[in-house]
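# Reading the structure
Here is how the chains run, residue by residue.
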Amino acid sequence: MPGHAEAVLSVNFSPDGRQLASGSGDTTVRFWDLGTQLPAHTCQAHKNWVQCVSWSPDAVMVVSGDQNGVLWLWQPKTGETIGACRECHPYIGNLNSDTPGDTQNAFLFAEMFLG
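Our subject in this report is the structure included herewith. Only a predicted model underlies this, so the values are computations on that prediction, with no experimental measurement involved.

## Points about the overall build of the protein
Counting secondary structure elements, the protein contains 1 helix and 8 strands. Ordered by position from the N terminus, the helices and strands of the protein form the series β-β-β-β-β-β-β-β-α. For the protein, with 115 residues in total, the buried portion stands at 42%. Within the protein, contacts between residues separated by at least 24 positions form 41% of all contacts whose residues are at least 6 apart in sequence.

This is the structure:
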């Protein structure tokens, strides 16, 4: 099975359990289709190890954080970026979203990126 070129540092299942997001020392985020066990998208925007990945409660977005303190927001269906927060924190080691299915929290999740 094709995968990351370096160690996987973070994994997180989508709220519906059909996808997996992973972050790696190879600086990529991958979205995995658990039905085929293959990567659906390989996302390249980070410049340092991807320490954490977290799904929005409605599974429409994923945020990833790296060792440089940069957060990227992704569309898991397409693998495209939505936005970035480059001055969030000097080091990001953990991210958590809130109650699954809560669209208000999903909106707030995106609001911090898009203003």
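## Notes on unusual backbone geometry
A positive phi angle, near 60°, is found at Q37, a position not held by glycine. Here Q37 lies in the loop between strand 3 (28–33) and strand 4 (38–44).

## Notes on the pattern of salt bridges
Overall, the coordinates contain 1 salt bridge when judged by the stated rule. When the shortest N-O distance is used, the salt bridge between D16 and R18 registers 3.4 Å. By relative accessible area, D16 is classed as partly exposed at 46%.

Conventions used here
- Residues numbered from 1 in each chain as written.
- Predicted model: local features only at pLDDT ≥ 70, side-chain atom pairs only at ≥ 80, totals over all residues.
- Heavy atoms only, no water.
- Helix = DSSP H or I, 4+ residues; strand = E, 2+ residues; numbered from the N terminus.
- Buried < 20%, exposed > 50% of the residue type's maximum accessible area, 1.4 Å probe, protein only.
- Contact = heavy atoms within 4.5 Å.
- Salt bridge = Lys/Arg side-chain N within 4 Å of Asp/Glu carboxyl O.

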